[in-house]
Amino acid sequence: MPPARGKALTVTVLTTDESLPDAAQAAAIIHGVLTHTKQTAWADLVSNSADPGVLSLASSLFLSPEQASLVEAWPGVAYAMRRKDGEAPRVTVAVCVECEEWIAVTSTAPSSCQMIDGCTGKYVKPRDASRKKVPFDEAPVRDDAAIDAGALPSPEESVYLG
Ligand SMILES: [Zn+2]
């Protein structure tokens, strides 16, 4: 049977490099959330979260529970990150692979850890999460309860604001 015509319900999922330290994975996810919702910074996302356009975008982004937990675990990273905005540079983080302390950076990371005395770990910067649209039914992990309730998940539920 051919598929029914009409627009299938799709959601956007993020894929990150799971070999990176948690803070770097969180940064990649946070950047993906900001890109998807067209926000420059997490604070903008929070203050615009009642905007119908932002709400709609946030609701179409599906983080896995693991990704949501990473964002929740690193609020400092969330608030440090910025997408490039006009003359203002992009801010991302560099994470020490040894001690997993992170610093905010606008360009290149220092050559080795500056956060912990005696730590000689190297910094890694996350690559951006890749975004992919998938049919809702094929989203790898999803919160059925939120969708079955017939309501789009709130930004709080879908990206764990605040
Ligand atoms: Zn270190």
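Residues numbered from 1 in each chain as written. Predicted model: local features only at pLDDT ≥ 70, side-chain atom pairs only at ≥ 80, totals over all residues.

## Observations concerning the sheet that holds strand β2 (residues 61–62)
Okay, so step 1: In spatial order, the strands read β2-β1-β6; together these three strands make up an open sheet with mixed pairing. Two strands in the sheet have a free side with no partner beyond their single neighbour: β2 and β6 (130–135).
Okay, so step 2: Pairing of strand β1 (residues 10–15) with β2 involves two bridges; the strand directions are parallel. In the strand pairing of β2, T12 is matched with L61.
Okay, so step 3: On the sheet, helix α1 (residues 22–37) packs against β1, β2 and β6 and is oriented at approximately 145° with respect to β1. (Pairing = 2+ DSSP bridges. Helix = DSSP H or I, 4+ residues; strand = E, 2+ residues; numbered from the N terminus. Contact = placed C-beta atoms within 7 Å. Axes fitted to C-alpha atoms, helices over the stretch in contact; angles between N-to-C directions.)

## Thoughts on α1
What sets the pattern is the α-helix's 3.6 residues per turn: residues three or four places apart point alike.
Okay, so step 1: Between its first and last C-alpha atoms α1 spans 22 Å; for 16 residues at 1.5 Å apiece the expected length is 22 Å, and the two agree.
Okay, so step 2: Of all 16 residues in α1, 13 are buried, a share of seventy percent or more. (Expected span 1.5 Å × (residues − 1). Buried ≥ 20, exposed ≤ 12 C-beta atoms within 10 Å, placed from the backbone.)

## Regarding the pairing of strand β3 (residues 92–96)
Okay, so step 1: Most of β3 sits out of view: five of its five residues are buried.
Okay, so step 2: Every second residue of β3 is oriented toward a common face, with T92, A94 and C96 on one face and V93 and V95 on the other, all of them buried.
Okay, so step 3: Note that β3 and strand β4 (residues 102–105) share four bridges and pair antiparallel. In the sheet register, V95 faces β4, and the bridge partner there is W102.
Okay, so step 4: Counted between consecutive antiparallel strands, the loop separating β3 from β4 contains five residues, among which E100 sits at a positive phi close to 65°.
Okay, so step 5: Where β3 and strand β5 (residues 123–124) come together, two bridges link them in antiparallel fashion. Of the residues in β5, the one forming a bridge with V95 is V124.

So, to be careful, I would describe these as geometric facts and stop short of saying anything about function.
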